[in-house]
Amino acid sequence: MASSSYYYRLYKEKKNEVEKYEKWIKQVEKIRTQVITGLEDEIRVVNQKINALVEDLKAAVKHNAKFADIADDIGDQTEYSAGRDSQLSKTASSLQDELMRLGEKKNNAHSAAQSYYNQYLEAKRQEEEERERQRQEALDRLKNAFGIN
C-alpha cells in the first residue's frame, strides 16, 4: 500500500478541485440569474418606449385604420419577459446544462476526495501498526541482549 502522505496529497488535490467547482458553479449561477432576471428592467424600459412610440404614431396619423392596425402590430411585438425570448431561453438552458455538468464533476471530485481520505486513514493506521511492531521488536531485542524477560 502507498504511504499515507501519498493518499493525503491526493485527498487535498481532490478537495481543492471540489472548491474550484463550487466557485465555478457560483459564477455560472450568477450569470444565469442575470440572464433570467437581470434583463427584466431593460426589457420593461424598451417595451415602454415602443408603446410610447406606437401611441405617438397613432396620435400623429389619425383616422387611418390600416395605419393604426400596423402600429398595433408593432406594439404586439414587445417582449414580456426574458424567458419568452428564444435566444435568452436557449442561453439560460445552456447555462443550466453547464451547472448540471459542473455539479456532476464536483460530486465526482468529492467522492474521490472521500475515498482518498479513507485510504489515507487506513495507510496511517497501517503505518502506526508497523511502527508499533518495529518498536516492540527493538524492545524485545534489547531485552534479549540484556537477558531480561
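That block above? That's the structure.
An account of the accompanying structure is given in this report.

### Things to note about the overall build of the protein chain
Here's step 1: Of the regular secondary structure elements, the protein chain holds four helices and zero strands.
Here's step 2: Scanning the protein chain from its N terminus toward the C terminus, one meets helices and strands in the order α-α-α-α.
Here's step 3: For 149 residues, the compact-globule estimate of 2.2 N^0.38 gives 15 Å, and the protein chain exceeds it by more than 25% at 34 Å.
Here's step 4: For the protein chain, the C-alpha atoms occupy an extent of roughly 125 × 20 × 15 Å along the three principal directions.

### As for the nonpolar core
Here's step 1: In this structure, Val18, Tyr21, Val28, Val35, Ala92, Leu95, Leu99, Leu102 and Ala109 together form the largest nonpolar core, which totals nine residues.
Here's step 2: Every residue in contact with Tyr21, bar those within four places of it in the chain, is listed here: Leu102, Lys105, Lys106 and Ala109.

### Notes on the pattern of salt bridges
Here's step 1: Following the criterion strictly, the structure yields nine salt bridges and no others.
Here's step 2: In this structure, Arg125 and Glu122 form a salt bridge, with 2.3 Å as the shortest nitrogen-oxygen distance. Residue Arg125 and its partner Glu122 are located together in helix H4 (residues 86-146), separated by three residues, close to a single helical turn.
Here's step 3: Residue class for Arg125 comes out partly exposed when judged on its relative accessible area of 36%.

### Focus on the environment of Phe146
Here's step 1: Mapped onto the secondary structure, Phe146 falls in helix H4.
Here's step 2: What makes Phe146 exposed here is its relative accessible area of 64%.

### Quick look at the packing of helix H2 (residues 40-60) against helix H3 (residues 65-76)
Here's step 1: Taken N-terminus to C-terminus, the directions of H2 and H3 make an angle of 175 degrees; their axes are 9 Å apart at the nearest point. One finds that H2 runs roughly antiparallel with respect to H3. Along the contact surface, H2 presents Ile50, Asn51, Val54, Leu57 and Lys58, while H3 presents Phe67, Ala68, Ala71, Asp72, Ile74 and Gly75.
Here's step 2: Tallied by class, residues from the contact of H2 with H3 come to seven nonpolar, two polar and two charged.

### Observations regarding H2
Here's step 1: Taking 1.5 Å per residue as the helical rise, H2 with its 21 residues ought to reach 30 Å, and the 30 Å between its terminal C-alpha atoms agrees with that figure.
Here's step 2: Residues Ile43, Asn47 and Val54 constitute the buried set of H2. Projected onto a plane normal to the axis of H2, the buried residues spread over an arc of 30 degrees and lie on a single side. Summarising the geometry of H2, the exposed residues directed more than 90 degrees from the buried face are Lys49, Leu53, Asp56 and Ala60.
Here's step 3: Considering only its buried residues, H2 is in contact with H3.

About the criteria used
- Residues numbered from 1 in each chain as written.
- Predicted model: local features only at pLDDT ≥ 70, side-chain atom pairs only at ≥ 80, totals over all residues.
- Heavy atoms only, no water.
- Helix = DSSP H or I, 4+ residues; strand = E, 2+ residues; numbered from the N terminus.
- Rg over C-alpha atoms; globule rule 2.2 N^0.38 Å.
- Core = buried A, V, L, I, M, F, W, Y, C linked by side-chain atoms within 4.5 Å.
- Buried < 20%, exposed > 50% of the residue type's maximum accessible area, 1.4 Å probe, protein only.
- Contact = heavy atoms within 4.5 Å.
- Salt bridge = Lys/Arg side-chain N within 4 Å of Asp/Glu carboxyl O.
- Axes fitted to C-alpha atoms, helices over the stretch in contact; angles between N-to-C directions.
- Parallel < 35°, antiparallel > 145°, perpendicular 65-115°, else oblique.
- Nonpolar A, V, L, I, M, F, W, Y, C, P; charged D, E, K, R; others polar.
- Expected span 1.5 Å × (residues − 1).
- Arc of directions from axis to C-beta.

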